[in-house]
Protein chains: 4
Amino acid sequence: MTAQNSTQEVQESENNDHLITSQDPQHPANLIPELCSKFWHLGWVTGTGGGASIRNDNLVYLAPSGVQKELMKPEHIYVLDITAQPNPKQRIYLRSPPNLKPSQCTPLFMAAFTKRNAGCCIHTHSQWAVLITLLLESAQNTTMFEINNIEQIKAFGKGYTKAGNLGYHDTLRIPVIENTPHEEDLTEYLEEAMEKYPDTYAVLVRRHGVYVWGESVHKAKTQCESLDYLFQIALEMNKLGIPWLTNVKPIA
Amino acid sequence: MTAQNSTQEVQESENNDHLITSQDPQHPANLIPELCSKFWHLGWVTGTGGGASIRNDNLVYLAPSGVQKELMKPEHIYVLDITAQPNPKQRIYLRSPPNLKPSQCTPLFMAAFTKRNAGCCIHTHSQWAVLITLLLESAQNTTMFEINNIEQIKAFGKGYTKAGNLGYHDTLRIPVIENTPHEEDLTEYLEEAMEKYPDTYAVLVRRHGVYVWGESVHKAKTQCESLDYLFQIALEMNKLGIPWLTNVKPIA
Amino acid sequence: MTAQNSTQEVQESENNDHLITSQDPQHPANLIPELCSKFWHLGWVTGTGGGASIRNDNLVYLAPSGVQKELMKPEHIYVLDITAQPNPKQRIYLRSPPNLKPSQCTPLFMAAFTKRNAGCCIHTHSQWAVLITLLLESAQNTTMFEINNIEQIKAFGKGYTKAGNLGYHDTLRIPVIENTPHEEDLTEYLEEAMEKYPDTYAVLVRRHGVYVWGESVHKAKTQCESLDYLFQIALEMNKLGIPWLTNVKPIA
Amino acid sequence: MTAQNSTQEVQESENNDHLITSQDPQHPANLIPELCSKFWHLGWVTGTGGGASIRNDNLVYLAPSGVQKELMKPEHIYVLDITAQPNPKQRIYLRSPPNLKPSQCTPLFMAAFTKRNAGCCIHTHSQWAVLITLLLESAQNTTMFEINNIEQIKAFGKGYTKAGNLGYHDTLRIPVIENTPHEEDLTEYLEEAMEKYPDTYAVLVRRHGVYVWGESVHKAKTQCESLDYLFQIALEMNKLGIPWLTNVKPIA
């Protein structure tokens with residue numbers, strides 16, 4: 001039952017509390033608690049599930065494991081230097097909160113930063129995300145959520161290799177990976193999906209939730225919101241017998 | 001993929017920040033952020049979708065594009081003089097926020113102000129609005145939402161050409177227009193619907209959302225709320241097999 | 001289209017603002033706005049629909065017509081002396097807010113105070129209340145909502161003629177009256193239901209909402225909450241094919 | 001109609017208000033009101049139903065009966081010494097709020113403290129909990145809620161006799177007991193379930209709600225949240241025809 005990819009977590013000798021101390025509400029150590037509280041009220045990070053991480057140049061700020069998301073504080077935040085990680089089996093923190101453990105989402109957040117140069121990555125246990133993966137599973141274990149001709153699709157960027165946002169008639173595609181018993185073991189499957197679908201900003205995890213990232217906190221957060229909106233609407237469409245994909249002809 | 005009706009946006013040489021600076025909570029530059037935050041919590045303006053605009057005599061105050069609606073501030077607001085717009089292809093702003101773009105809803109809000117003399121116009125991506133348009137689409141592409149004999153209908157004015165509000169037995173009719181790839185291209189269809197249905201205070205946009213207006217912020221906002229209530233109840237009625245239109249005889 | 005029971009509304013020569021001015025948060029003029037804001041967030045008083053009224057000895061405090069419920073203030077409150085009303089066709093106010101109109105719910109609230117000696121009466125447009133009346137209508141126009149063997153039923157008093165609360169195995173019965181085009185015309189049907197069912201604390205209005213009252217604000221508010229909870233659960237039970245009435249045998 | 005296990009409630013001669021007076025937000029007399037308000041907003045303790053209790057060494061802090069949960073204050077809290085209770089028929093309080101009654105949940109909370117050494121016990125009337133018991137009832141009166149292969153299951157401890165948390169492939173099992181007319185009469189059935197299922201952290205009560213406990217407030221609260229999440233998702237799975245138990249093979 002031990003994770004295959006288990007990582008050694010190391011705290012540097014000095015605990016740099018100045019890295020999480022700022023009066024600026026836009027500082028990642030202040031923003032992560034604010035985001036997590038907002039996500040808790042949206043039902044995305046129930047019971048300490050899910051999390052959020054922000055990268056600012058070389059510094060990565062991470063929500064810890066096991067903290068009630070609506071009660072998170074700046075002093076709970078981990079900080080590491082993304083350029084100073086010796087190998088995948090060891091993680092060196094510039095700043096660690098006392099008495100807490102790093103989130104098991106850490107390697108997945110790191111994948112978004114290293115593979116996609118993301119500025120922010122969000123992980124939710126949104127019920128609608130989970131239900132969409134269940135619907136796809138019961139439809140021959142499908143591994144792609146696809147929807148088009150819904151205005152909210154335009155909230156998504158076309159991807160890292162393309163400029164601009166999706167159009168109304170474009171199809172938004174979110175790959176689904178299977179869940180693993182240990183969250184950190186998801187990393188290789190997430191990275192695989194990132195390579196196979198280089199333009200996606202999100203990956204669904206079967207019976208688990210969703211990872212969403214973006215160039216900035218603004219992008220990651222608004223794409224995560226838009227995606228949850230689409231999951232909710234897609235679930236209702238399913239109940240009403242309305243297909244997610246249509247061939248609406250442009251009228252203008 | 002370029003919008004047919006794309007408009008040149010011009011900022012006057014002076015940036016009149018005094019137009020959005022006021023201690024009065026009822027000032028449009030304060031009201032729009034308050035409304036947008038409220039709408040975000042109602043799920044109407046998820047992921048920067050949707051928006052709101054207020055007209056005060058000749059001045060029009062507009063929410064910008066791409067701002068998280070629950071975080072909007074007075075300094076994000078655009079202002080223009082409705083009487084000083086040279087032609088439909090050019091829009092001159094008295095005040096523009098730095099580093100932001102005007103909302104693509106702008107020409108649609110302007111239609112409500114110029115064609116209907118509205119004091120406020122709201123655009124939401126409400127899921128219930130979208131689902132109602134999908135239900136109507138799957139019922140032979142119907143272009144009119146109709147409901148009667150629900151008390152909440154009385155919250156609607158009879159229209160610009162008639163005094164008073166709808167009665168309980170009256171039928172509320174909201175026309176549906178088809179979506180276009182570019183939001184500003186919706187303008188001509190919205191204006192067409194306004195001319196065809198001069199008494200409507202709202203237009204649904206297929207697979208997109210709804211535009212609602214009124215003589216005042218109060219009217220636009222309460223009609224928008226009442227309409228969303230009716231969309232929600234209509235969706236449940238559909239699931240329960242209860243028709244939206246009935247011939248209940250007056251008992252008093 | 002004029003209401004049959006339309007009432008002349010009279011303001012006494014002096015406008016007694018001291019009646020709605022208090023530092024005590026429990027004062028009715030402070031409590032009604034707080035309740036209305038809470039009810040707005042519960043979706044009970046959308047778009048200025050619904051309302052609330054409190055009686056303190058002889059004084060009755062009433063929310064006005066047409067005010068956004070989450071924005072209500074003490075200065076919006078009407079006050080009248082219940083012992084100083086000359087006849088049903090005329091209502092004399094000790095204190096009226098300027099520029100507002102009395103709520104059309106006023107005679108219905110008065111019925112709860114005069115016929116039932118209630119201390120508080122609440123009217124909501126709760127969607128769940130409306131949907132329950134629609135379900136009953138589609139089941140042969142039934143005029144009684146009945147449910148038993150749900151713990152929450154115990155939140156209800158047995159009634160004015162009986163001590164204590166309903167037991168778990170008791171059946172909660174809420175009569176349904178038909179809606180009328182003019183809200184004040186509902187009064188005679190509400191009073192009729194009060195006489196026919198002397199122990200009920202609530203009456204559903206078909207396709208409209210519900211009136212709930214109680215000896216105190218606490219009782220009216222908690223009964224209104226419990227009833228809405230039961231409406232929601234009853235709607236889900238209906239979708240799942242589970243009957244509202246069962247013959248569960250006591251096991252203790 | 002009198003409860004079989006009715007208990008004599010005794011207040012010690014001195015009323016120790018210092019036991020509920022603290023500036024520390026983590027003090028149980030401050031935490032219980034904060035939790036109850038949060039639970040009210042989640043719809044778990046509607047209409048004064050449900051409650052929460054915290055044990056700190058020998059002292060037990062209890063929410064009272066009949067208080068609106070979103071308005072609870074430290075002065076409403078009961079305190080007793082768990083080691084100074086003479087017999088099950090008598091309960092001696094170190095501190096009682098004036099004009100209130102102890103909650104009927106008290107003996108059930110005490111069972112979690114004495115039988116399970118819990119640090120916190122929460123009782124909700126969550127609609128989703130009730131609906132799950134109704135679904136199980138309509139499926140041959142089943143007395144066990146079982147679900148597996150949903151990530152959120154990992155939020156649950158394996159139990160008092162086992163270290164660590166449930167794994168993703170483990171099955172979460174929550175026993176269901178039948179409701180009784182008097183809440184305190186539930187105690188013996190709750191204790192029975194605790195003995196039969198020594199590792200459970202929760203017991204569902206048919207047509208009533210759920211009791212959830214944990215070593216700490218953090219554990220009880222996050223398990224209660226996770227359970228409600230699972231009830232909601234299980235209800236949706238039922239509507240979509242997706243089974244709660246599957247034989248997904250580990251892929252890593």
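Every value quoted in this text rests on a predicted model; they were computed, and no experiment measured them.

Q: I'd like a description of helix H2 (residues 106-116) of chain D, backed by residues and values.
A: Residue and element names in this part refer to chain D. In terms of burial, H2 is largely enclosed, as nine of its eleven residues are buried. For H2, the set of buried residues is Thr106, Pro107, Leu108, Phe109, Met110, Ala111, Ala112, Phe113 and Arg116. Asn117, located one to two residues past H2, shows a positive phi value of around 55°.

Q: I'd like to hear about the UniProt feature "domain: Class II aldolase/adducin N-terminal" (unreviewed entry) in chain A, residue by residue, with values.
A: According to UniProt, the "domain: Class II aldolase/adducin N-terminal" (unreviewed entry) feature falls on residues 30-235 of chain A. The annotated region residues 30-235 of chain A carries 31% helix and 23% strand content, and the separation between its end C-alpha atoms amounts to 34 Å.

Q: Any chance you could break down the interface of chain C and chain B for me, citing the residues and the numbers?
A: On the side of chain B, 29 residues touch chain C, which itself brings 30 residues to the contact. Between chain C and chain B, a total of about 2,600 Å² is buried, with carbon and sulfur atoms accounting for 60% of that surface. Among the residues chain C hides against chain B, the three largest losses belong to Gln127, Pro181 and Arg207 of chain C. Together they make up 27% of the total. Summed over the shared surface of chain C and chain B, the result is three salt bridges.

Q: Give a detailed account of the interface of chain D and chain A, specifying residues and quantitative values.
A: Every contact between the two is made by 29 residues of chain D and, on the other side, 30 residues of chain A. Viewed at the interface, chain A and chain D are joined by three salt bridges. With a shortest N-O distance of 2.6 Å, Glu70 of chain A and Lys38 of chain D are connected by a salt bridge. Linking chain D to chain A there are 17 residue pairs in polar contact (both at pLDDT 80 or more). Within the residue set of the side of chain D that touches chain A, elements represented by two or more residues are helix H1 (28-41) and helix H5 (217-240) of chain D. In terms of residues, the side of chain D that touches chain A owes the most to one element, H5 of chain D, which gives twelve residues. Counted by class, the side of chain D that touches chain A contains twelve nonpolar, nine polar and eight charged residues.

Q: Could you give an account of the pairing of strand E5 (residues 90-95) of chain A, naming the residues involved and the relevant values?
A: A regular strand places its side chains so that they alternate between the two faces of the sheet. All names here are of chain A. In this structure, strand E1 (residues 8-11) lies alongside E5, joined through four bridges in parallel fashion. Paired with Glu9 across the two strands is Arg91, which belongs to E5. Bridge analysis of strand E4 (residues 78-81) against E5 gives two bridges, and the strand direction is antiparallel. Within the sheet, the bridge partner assigned to Val79 lies in E5 and is Arg95.

Q: Any chance you could break down the sheet that holds strand E6 (residues 120-124) of chain A for me, citing the residues and the numbers?
A: Residues and elements named next belong to chain A. As summarised here, the arrangement of the ten strands in space is E1-E5-E4-E3-E2-E6-E10-E9-E8-E7, forming an open sheet in which the pairing is mixed. Here the strands that pair on one side only, and so sit at the sheet edges, are E1 and strand E7 (144-148). Between one strand and the next, the sheet's axes are offset by a mean angle of 25°, whatever the strand orientation. Both strand E9 (residues 202-205) and strand E10 (residues 209-214) contribute to a ladder of four bridges, which runs antiparallel. Residue Val205 lies in a different strand from E10, and its bridge partner there is Gly209. Contacting E7, strand E8 (171-177), E9 and E10, helix H3 (residues 127-138) runs over the sheet at an angle of about 70° to E9.

Q: Describe in detail the relation of the copies chain D and chain A, supporting the description with residues and values.
A: Mapping chain D onto chain A leaves a residual RMSD of 0.0 Å; the transformation is a rotation of 90° accompanied by 0.0 Å of translation along its axis. Overall, the copies show the geometry of a four-fold rotation axis. Among all C-alpha atoms of chain D, that of Lys239 of chain D lies closest to the rotation axis, at 6.2 Å. Of the residues that chain D buries at the interface, just 3% are likewise interface residues in chain A, meaning the two copies contact each other through different surfaces.

Q: Talk me through the arrangement of the chains; I want residue IDs and the actual numbers.
A: Regarding chain A and chain C, which are not in contact, the minimum distance between any of their C-alpha atoms is 12 Å. The two units chain B and chain D never meet; even their closest C-alpha atoms stay 12 Å apart.

Q: Now, about the relation of the copies chain C and chain B: what can you tell me, with residues and values included?
A: Once turned by 90° and shifted 0.0 Å along the axis, chain C lies on chain B with an RMSD of 0.0 Å. Here only 3% of the contact residues of chain C are again contact residues in chain B; the copies associate through non-equivalent surfaces.

Q: So, the UniProt feature "binding site: substrate" (unreviewed entry) in chain A: which residues are in play, and what are the values?
A: Residues and elements named next belong to chain A. Per the UniProt annotation, the sites labelled "binding site: substrate" (unreviewed entry) are Cys105. With respect to the secondary-structure elements, Cys105 resides in the loop between E5 and helix H2 (106-116). With near-sequence residues (within four places) excluded, Cys105 lies in contact with His123, Glu183 and Tyr211.

Q: Give a detailed account of the pairing of strand E9 (residues 202-205) of chain D, specifying residues and quantitative values.
A: All names here are of chain D. Side chains Ala202 and Leu204 project from E9 onto one buried face, and the interleaved Val203 and Val205 project onto a second face that is buried too. As paired elements, strand E8 (residues 171-177) and E9 share two bridges and run parallel to each other. Bridged to Val176 within E9 is Leu204. What sits between E9 and strand E10 (residues 209-214) in their antiparallel hairpin is a turn of three residues, with Arg207 showing a positive phi close to 60°.

Q: Outline the packing of aromatic side chains, supporting the account with residue identities and numerical values.
A: Residues and elements named next belong to chain C. This model, assessed by the stated rule, comprises 20 aromatic pairs over all chains. When the ring of Phe109 is compared with that of Tyr211, the centres are 6.0 Å apart and the planes differ by 70°; the resulting orientation is edge-to-face. Pair noted here: Phe109 is in helix H2 (residues 106-116) and Tyr211 is in strand E10 (residues 209-214), with a separation of 102 residues, a long-range link. Per residue, the accessibility class of Phe109 equals that of Tyr211, and both read buried.

Q: Describe the sheet that holds strand E3 (residues 59-62) of chain B, listing the residues and the values that go with them.
A: Residue and element names in this part refer to chain B. Spatially, the ten strands line up as an open sheet ordered E1-E5-E4-E3-E2-E6-E10-E9-E8-E7, and their pairing is mixed. Two strands in the sheet have a free side with no partner beyond their single neighbour: strand E1 (8-11) and strand E7 (144-148). Each strand axis lies, on average, 25° off the axis of its neighbour in the sheet, ignoring direction. Sheet analysis places strand E6 (residues 120-124) next to strand E10 (residues 209-214), joined by five bridges and oriented antiparallel. Across the sheet, the residue bridging to Ile122 is Val212, located in E10. Taken strand by strand, helix H4 (residues 187-196) contacts strand E8 (171-177), strand E9 (202-205) and E10, and its axis lies near 150° from that of E8.

Q: Any details on the environment of Val67 of chain B? Residues and values, ideally.
A: With respect to the helices and strands, the residue Val67 of chain B is situated in the loop between E3 and strand E4 (78-81). Discounting chain neighbours no more than four positions away, the residues touching Val67 of chain B are His218 of chain A together with Thr48, Met72, His76 and Leu100 of chain B.

Q: Describe in detail the pattern of salt bridges, supporting the description with residues and values.
A: Think of it this way: side chains of opposite charge can pair up when their charged atoms draw near. Residue and element names in this part refer to chain C. Under the criterion given, the structure shown has 60 salt bridges over all chains. Between Asp199 and Lys162 there is a salt bridge; the shortest N-O distance is 2.7 Å. Pair noted here: Asp199 is in the loop between helix H4 (187-196) and strand E9 (202-205) and Lys162 is in the loop between strand E7 (144-148) and strand E8 (171-177), with a separation of 37 residues, a long-range link. By relative accessible area, Lys162 is classed as partly exposed at 47%.

Q: Outline unusual backbone geometry, supporting the account with residue identities and numerical values.
A: Phi is positive for Asn99 of chain C, which is not a glycine, with a value near 70°. In this structure, Asn99 of chain C sits in the loop between strand E5 (90-95) and H2.

Q: Before we move on, could you go through the side chain of Glu151 of chain D and cite the residues and values that matter?
A: Looking at the secondary structure, you find Glu151 of chain D in the loop between strand E7 (144-148) and E8. Residue Glu151 of chain D is classed as buried on the basis of its relative accessible area of 5%. Apart from residues lying up to four places away in sequence, Glu151 of chain D is in contact with His125, Asn179, Thr180, Glu183, Arg207 and His208 of chain A together with Tyr168 of chain D.

Q: Please give an account of the packing of H3 of chain A against helix H5 (residues 217-240) of chain A that cites residues and values.
A: Residue and element names in this part refer to chain A. Running from N to C, H3 and H5 cross one another at 45°; their axes reach a closest spacing of 9 Å. If you check the angle between H3 and H5, you find them oblique. The two elements H3 and H5 cross, and the hand of that crossing is left-handed. Where H3 abuts H5, its residues Trp128, Ala129, Leu131, Ile132 and Leu135 lie against Asp228, Phe231, Gln232, Ala234, Leu235 and Asn238. Each residue belonging to the contact of H3 with H5 can be placed in one class, and the counts come to eight nonpolar, two polar and one charged.

Q: Would you mind going over the confidence of the model for chain A in detail, with residue names and values included?
A: The predicted coordinates of low-pLDDT regions are not to be read in fine detail. For chain A, mean pLDDT is 93; residues scoring 70 or higher make up 96% of the total. Across the assembled chains, the prediction reports ipTM 0.94 with pTM 0.95.

Calculation criteria
- Residues numbered from 1 in each chain as written.
- Chains lettered and ligands numbered in written order.
- Predicted model: local features only at pLDDT ≥ 70, side-chain atom pairs only at ≥ 80, totals over all residues.
- Heavy atoms only, no water.
- Buried < 20%, exposed > 50% of the residue type's maximum accessible area, 1.4 Å probe, protein only.
- Helix = DSSP H or I, 4+ residues; strand = E, 2+ residues; numbered from the N terminus.
- UniProt positions renumbered as here; feature names shortened; annotations may be inferred.
- Contact = heavy atoms within 4.5 Å.
- Buried area = accessible area lost by both parts, 1.4 Å probe.
- Salt bridge = Lys/Arg side-chain N within 4 Å of Asp/Glu carboxyl O.
- Polar contact = N/O pair within 3.5 Å; in protein donor to acceptor, adjacent residues only side chain to side chain.
- Nonpolar A, V, L, I, M, F, W, Y, C, P; charged D, E, K, R; others polar.
- Pairing = 2+ DSSP bridges.
- Axes fitted to C-alpha atoms, helices over the stretch in contact; angles between N-to-C directions.
- Least-squares fit on C-alpha atoms with pLDDT ≥ 70 in both.
- Phe/Tyr/Trp six-rings, centres within 6.5 Å; stacked < 30°, edge-to-face > 60°.
- Parallel < 35°, antiparallel > 145°, perpendicular 65-115°, else oblique.
- Left-handed = near helix turned anticlockwise from the far one by under 90°.
- pLDDT = per-residue confidence, 0-100.

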